[in-house]
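Structural overview for review
Take a look at the letters that make up each chain.
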Amino acid sequence: MLSTVSRIRGQVRTVGYPQTEGLLGDCMLFYGQELGAASEFGAALVAVGGALQQVGQAKDALDVGIKQTFIDPLQALRHAELREIKYQLKKVNGRRLDFDYKKRRRGKVAAEEIRLAWDKFITSKDSAERSMFILLQRDVDRIAQLAALVAALLDFHRNAQHILLGLQGDLQARLTAASNKPAQRFRSQKIRVRSDHSGTIGFYHQLSAAAPLCSGGNLTVVPSGPGSPVSSCADSQPVVDQPCCRALYSFMPNREGELDFSRGDIILLTGQVDSNWYQGSLGGRSGLLPVNYVDVLVPLPSP
């Protein structure tokens with residue numbers, strides 16, 4: 001608290017009092033730039049951060065104006081005029097006591113000394129009254145300084161309102177533009193498909209993350225090898241089009257008839273033995289595979 005008051009009074013040299021809006025604006029600018037231009041939210045963060053920095057700069061200007069037009073004159077009043085009045089009143093009280101003491105000792109104290117004590121008391125009283133009169137006569141100046149404080153506050157809030165209204169319009173435009181974009185969904189970038197006949201491995205570029213949905217109804221079959229057709233939208237973005245699954249873990253057979261596979265393999269499903277085992281094929285080999293080791297991409301048709 002003392003540090004804050006010292007900054008306002010100008011007793012501590014600092015770069016500038018850190019405004020809350022400025023700190024928040026710096027944070028938003030940093031993370032908005034980290035998200036990049038491709039992110040609508042990142043661009044919005046940058047816009048809000050810039051606006052908050054402007055509000056922080058306006059508040060800095062408000063602090064400077066208040067210090068010059070209100071706090072500095074108020075400190076001058078306290079340290080100069082009020083201190084002088086307190087000094088004069090103290091002097092009046094001391095000289096009154098001196099006069100009363102000498103007056104009670106009349107006869108023992110010379111009349112001239114009593115008269116001098118009285119003159120000093122009257123002089124001090126006049127000085128104190130004059131100082132208080134001058135202070136009261138400057139009420140107009142004090143009220144004008146208070147009015148300047150309120151005017152500075154109003155000016156700050158008008159500027160802040162202007163900045164925030166512009167920001168609100170910008171955000172509304174961004175929201176409308178983002179809402180009008182086509183619906184999007186995630187597709188992994190590549191799918192590896194192994195044919196169960198020739199063992200050919202094909203890599204296919206899928207729709208990137210958050211790519212638009214295919215709006216057309218036409219599908220094209222793009223085979224990666226005999227027996228492993230892959231279907232795609234009309235824009236040539238392929239997807240697996242027959243019962244298959246992706247291996248979540250590598251599996252080594254414990255008995256004959258089980259199919260070995262590695263994590264990430266795409267296995268064609270040919271049937272389901274029970275709730276624990278699928279029948280599938282991979283690279284010209286077929287066998288049983290555990291249900292909890294795979295993630296089904298295209299389910300088997302209902303019996």
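Being a predicted model, the structure only gives us computed values, none of them experimental.

This paragraph deals with the environment of Gly 49. Along the chain, the position of Gly 49 falls in helix 3 (residues 40-104). In this structure, the C-alpha to C-alpha distance between Gly 49 and Cys 27, residues 22 residues apart in sequence, is 7.4 Å. With residues near it in sequence (within four places) discarded, Gly 49 still touches Gly 25, Met 28 and Leu 29.

The next point concerns the environment of Asp 155. By the secondary structure assignment, Asp 155 is in helix 5 (residues 139-179). By relative accessible area, Asp 155 is classed as partly exposed at 40%. It is 9.3 Å that separates the C-alpha atoms of Asp 155 and Ala 58, two residues lying 97 residues apart in sequence.

Let us look at the nonpolar core. Counting residues in hydrophobic clusters, the biggest one holds 16 residues, and the most contacted among them are Met 28, Val 48, Val 55, Leu 62 and Phe 156. At the level of secondary structure, the elements contributing two or more residues to this core comprise helix 3 and helix 5. With nine residues, the single largest contributor to this core is helix 3. Apart from the residues within four sequence positions on either side, Val 48 is in contact with Met 28, Leu 167 and Leu 171. In this structure, Phe 251, Ile 267, Leu 282 and Leu 289 belong to the second largest nonpolar core, which totals eleven residues.

Looking now at the packing of aromatic side chains. For the structure shown, the criterion picks out seven aromatic pairs. Between Phe 251 and Phe 261 the ring centres are 5.5 Å apart and the planes differ by 25°, which places this aromatic pair in the stacked class. Separated by ten residues along the polypeptide, Phe 251 in the loop between strand 8 (244-247) and strand 9 (266-272) and Phe 261 in the loop between strand 8 and strand 9 bring together distant segments of the chain. Each member of the pair, Phe 251 as well as Phe 261, carries the same accessibility label: buried. Judged by centre distance (5.4 Å) and plane angle (75°), the rings of Phe 251 and Tyr 293 are edge-to-face. Of the two residues, Phe 251 sits in the loop between strand 8 and strand 9 while Tyr 293 sits in the loop between strand 11 (285-290) and strand 12 (294-298), which places them 42 residues apart along the sequence. Relative accessible area serves as the criterion here: at 27%, Tyr 293 is assigned to the partly exposed category. Among the aromatic residues, those joined into a ring-pair cluster are Tyr 249, Phe 251, Phe 261, Trp 277 and Tyr 293.

What counts and how
Residues numbered from 1 in each chain as written. Predicted model: local features only at pLDDT ≥ 70, side-chain atom pairs only at ≥ 80, totals over all residues. Heavy atoms only, no water. Helix = DSSP H or I, 4+ residues; strand = E, 2+ residues; numbered from the N terminus. Contact = heavy atoms within 4.5 Å. Buried < 20%, exposed > 50% of the residue type's maximum accessible area, 1.4 Å probe, protein only. Core = buried A, V, L, I, M, F, W, Y, C linked by side-chain atoms within 4.5 Å. Phe/Tyr/Trp six-rings, centres within 6.5 Å; stacked < 30°, edge-to-face > 60°.

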